Amino acid sequence: RFRSITKQYFRKADGILVMYDITAECSFTAVRNWMSSVQEGIEDGAVVFLLGNKMDAAQRETQNVPKVEGERLAKEYKAVFYECSAMTGYNIMEPMLHMARSVNR
């Protein structure tokens, strides 16, 4: 249901964050569909970021999605890639500042 309205939002967006869980391969698999939807809906000049989240959990659990896979997918969709942890705040400011600088041009 949500997916049907996302294209309206993508069209007006200057920047988009797509996030997946590095400990859950199924969330990474779903990213491909989201990235396709984003690419279909965005206008020229919009910046797309791909964030691998839960770096904090990678220390406790298996990192099922290696960084190189995230980087490869980001490159395929011409997105900027970061790994981060929303829980601890690790590497959160960097992509946010990068996004702000990119859309403020």
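Residues numbered from 1 in each chain as written. Predicted model: local features only at pLDDT ≥ 70, side-chain atom pairs only at ≥ 80, totals over all residues. Heavy atoms only, no water.

Going by an unreviewed UniProt entry, the chain carries the name RAB44 protein and comes from Thalassarche chlororhynchos.

Trainee: Got a sec to walk through the overall build of the chain? Specific residues and values, please.
Mentor: The secondary structure content of the chain amounts to 5 helices and 3 strands. Helices and strands in the chain line up, N terminus first, as α-β-α-β-α-α-β-α. Computed over C-alpha atoms, the radius of gyration of the chain comes to 14 Å, within 12% of the 13 Å expected from 2.2 N^0.38 for 105 residues, which places it in the range of a compact globule. Judged by the C-alpha coordinates and their principal axes, the chain covers about 40 × 30 × 25 Å. Classification of the 105 residues of the chain by burial places 41% in the buried group. A separation threshold of at least 6 residues defines the contact pool for the chain, and within that pool the share at least 24 residues apart is 76%. Here the chain contributes 14 positively and 13 negatively charged side chains, and the mean placements of these two sets differ by 5 Å. (Helix = DSSP H or I, 4+ residues; strand = E, 2+ residues; numbered from the N terminus. Rg over C-alpha atoms; globule rule 2.2 N^0.38 Å. Buried < 20%, exposed > 50% of the residue type's maximum accessible area, 1.4 Å probe, protein only. Contact = heavy atoms within 4.5 Å. Lys, Arg positive; Asp, Glu negative; His and termini not counted. Charge placed at Lys NZ, Arg CZ, Asp CG, Glu CD.)

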